[in-house]
Amino acid sequence: MENNELAVVEKRLVTRFLDMFIKFGLILGLASFCFTVFSPFMNMMLWALILAVTLYPLHQRFAARLGGKQGRASTLLVLLGILLIVAPTVAMVSSLGDSVSSLVDKVGNNTLTIPAPSDSIAAIPLVGEKLHAIWLKASTDLPSLVKSYQPQLGELAKQVVGMLASMGGGLLGFVASFIVAGIIMAWGAPGAVSASRIAVRFTDENKGIALVKLCTSTIRAVAQGVIGVAFIQALLAGIIMSLAGIPAVGIFFVLALILGIAQVPVILVTGPVIAYMWMAGDHGTLLNIIYSVLLVVAGMADNVLKPLLLGRGVDAPMPVVLLGALGGMATNGILGMFIGATLLSIGYRIFMAWVNEGQPHVEK
């Protein structure tokens, strides 16, 4: 009798476990399929969400001026964003492609001229003599040098083309993200309710609301105070360089953007540009002075932009923001730079909130 009861219980347990594994497998398969379908749009949607959360207070101001019309406010904000931010960015990155194309044409037609190196180059420890020899050969017999380094240059060209293609795709995603962010902001109130319900479902009522507030504050702090300041400063410097006729503006734009996110003075980029402008002598003295002053102002613009855009300090340390930006750029191009910095900061703050939960307050 006992053996029969044990057999019945065992059969029920096996049936239960089998049902559970089948359900789990179906859910996992469905989630995997949904992720595969959605993954091409993941970066675009993440950046659109970051933009929507960041710009929503400004969107509400526009809506108040337009009689509460959420859709019209979103349309106006998207058009302004594309006109003031996306269009100049496209010009910066496209100038990088033009510079690379012009360089390739000059090398192919043997019309590229390289000035002879200074004798001080050879005095650099360890690499000075080799660098001087390669530079001297490039200035006297560039075709022979290109031929001797053809395999390495071919591999470098492939990497540059891939980088330019990634930037082009990132810019298209940038435009699409602005449009999607406008749609999200038009439905901002229901979206906020949905986000709170999802957070509460994952945790509980108190922690869920706190989680939403923490994510919102982190997104706005990083996007406005770090990425926004760095982006505006790099864009301002890039526009001035374009007006001054500096070649390869796209490279300087990306360098200024990375330095701005790292909280390093952008004058490190604009300073060499000023020196090059004076050495090239393409403009008169008056124009050189005007462009130099503008570039110095652009290199120090973060001192004015930070108080305007950042209401309080960013709780995530700058190394976390920088690692997120560099890692995001390495994996997903220029769009990934913004997403990586924001998401890694959110992850850091959530982790630290979990670590500090229930811990006694320690006075500093």
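Further up the page is the structure itself.
The structure contained in this document is the topic of the report that follows. In this text, all values refer to a predicted model and were calculated from it rather than measured experimentally. Along each chain, numbering runs from 1 in the same order as the chain's sequence is written. In view of the model being predicted, local features appear only for residues whose pLDDT reaches at least 70, and side-chain atom pairs are presented and counted only at 80 or more, with totals across whole chains, interfaces and linings using the full set of residues. As a convention, hydrogens and water are excluded, and side-chain values are obtained from all of the structure's heavy atoms.

Comments concerning the packing of helix α7 (residues 188-202) against helix α8 (residues 205-243)
Next up, step 1: Relative orientation of the contacting elements α7 and α8 amounts to 130°, with a least axis distance of 7 Å. Judged on the interaxial angle alone, α8 and α7 are oblique. Crossing handedness for the pair α7 and α8: right-handed. Counting all contacts with α7, which are made through A195, S196, A199 and V200, the residues of α8 involved are E205, G208, I209, L211 and V212.
Next up, step 2: Broken down by class, the residue content of the contact of α7 with α8 amounts to six nonpolar, two polar and one charged. Axes here mean lines fitted to C-alpha atoms, for a helix over just the part in contact, with angles spanning 0 to 180 degrees between N-to-C directions. For the purposes of this entry, the term helix denotes a DSSP run of H or I that reaches at least four residues, the term strand denotes a run of E that reaches at least two, and both are numbered from the N terminus. Comment on the angle field: the value is read as roughly parallel under 35 degrees, roughly antiparallel over 145, roughly perpendicular from 65 to 115, and oblique elsewhere. In a left-handed crossing the near helix is turned counterclockwise from the far helix by less than a right angle, and in a right-handed crossing that turn is clockwise. Here, residues are in contact when the closest pair of their heavy atoms is within 4.5 Å. Nonpolar residues are Ala, Val, Leu, Ile, Met, Phe, Trp, Tyr, Cys and Pro. Charged residues are Asp, Glu, Lys and Arg, and all others, Gly as well, are polar.

Describing the environment of W47
Next up, step 1: Inspection of the secondary structure puts W47 in helix α2 (residues 42-65).
Next up, step 2: Buried residues are those whose accessible area, probed at 1.4 Å on protein chains only, stays under 20% of the maximum for their type, while exposed residues exceed 50% and partly exposed ones sit between those limits. According to the relative accessible area criterion, W47 is buried, its value standing at 5%.
Next up, step 3: Residues W47 and T342 lie 295 residues apart in sequence; the distance between their C-alpha atoms is 9.3 Å.
Next up, step 4: Beyond its immediate stretch of four places on either side in the chain, W47 contacts F174, S177, L335, F338 and I339.

Considerations on the side chain of T218
Next up, step 1: Note that T218 resides in helix α8.
Next up, step 2: Take T218: its relative accessible area is 2%, and that puts it in the buried class.
Next up, step 3: Non-local contacts of T218, meaning those with residues more than four positions away in its chain, are made with S345, I346 and R349.

Brief notes about the packing of aromatic side chains
Next up, step 1: Two rings from Phe, Tyr or Trp (for Trp, the six-membered ring) form a pair when their centres sit within 6.5 Å of each other. Planes less than 30 degrees apart are called stacked, planes more than 60 degrees apart edge-to-face, and all others tilted. By the definition in use, this model includes four aromatic pairs.
Next up, step 2: Taken together, a centroid distance of 5.2 Å and an interplanar angle of 25° make the contact between W47 and F338 stacked. Of this pair, W47 sits in helix α2 while F338 is found in helix α13 (residues 318-356), placing the two residues 291 residues apart along the sequence.
Next up, step 3: Clustering of aromatic rings is evident, with ring pairs tying together W47, F231, F253 and F338.

Looking at α8
Next up, step 1: To estimate how far a helix should reach, multiply one less than its number of residues by 1.5 Å. Compared with the 57 Å implied by 1.5 Å per residue over 39 residues, the 55 Å span of α8 between its first and last C-alpha is a close match.
Next up, step 2: At G228, α8 shows its maximal bend, which comes to roughly 40°. Note on bend: the value at a residue is the angle between axes fitted to the seven residues ending there and to the seven starting there.

Quick look at the side chain of T342
Next up, step 1: Tracing the backbone shows T342 in helix α13.
Next up, step 2: For T342, a relative accessible area of 0% translates into the label buried.
Next up, step 3: Each residue touching T342, except ones within four places of it in the same chain, is listed here: I50, I219, V222 and I227.

Here we look at helix α4 (residues 128-140)
Next up, step 1: The end-to-end C-alpha distance of α4 is 18 Å, a good match for the 18 Å that 13 residues give at a rise of 1.5 Å each.
Next up, step 2: The set of residues buried in α4 consists of G128, H132 and A138. Each buried residue of α4 sits inside an arc of 130° when the element is viewed along its axis, so together they form one side. Of the residues in α4, the exposed ones pointing more than 90 degrees away from the buried face are E129, K130 and T140. The arc refers to the directions leading from the helix axis to the C-beta atoms.

Description of a nonpolar patch on the surface
Next up, step 1: Among the surface-exposed residues, V9, L13, F17, M20 and F21 lie close enough to one another that they form a single nonpolar patch of about 510 Å² accessible area.
Next up, step 2: Residue placement: F17 occurs in helix α1 (residues 2-38).
Next up, step 3: With a relative accessible area of 45%, F17 lands in the partly exposed category. The residues that make up patches have over 30% relative accessible area and no salt bridge, and they are joined within 9 Å when like-charged or within 5 Å when they are Val, Leu, Ile, Met, Phe, Trp or Tyr. All accessibility values rest on the Shrake-Rupley procedure with a 1.4 Å probe; residue burial counts only the protein chains present in the view. In what follows, salt bridge is the name for a side-chain nitrogen of Lys or Arg lying within 4 Å of a carboxyl oxygen of Asp or Glu.

Take it as geometry only, folks, not as evidence of what the structure does.
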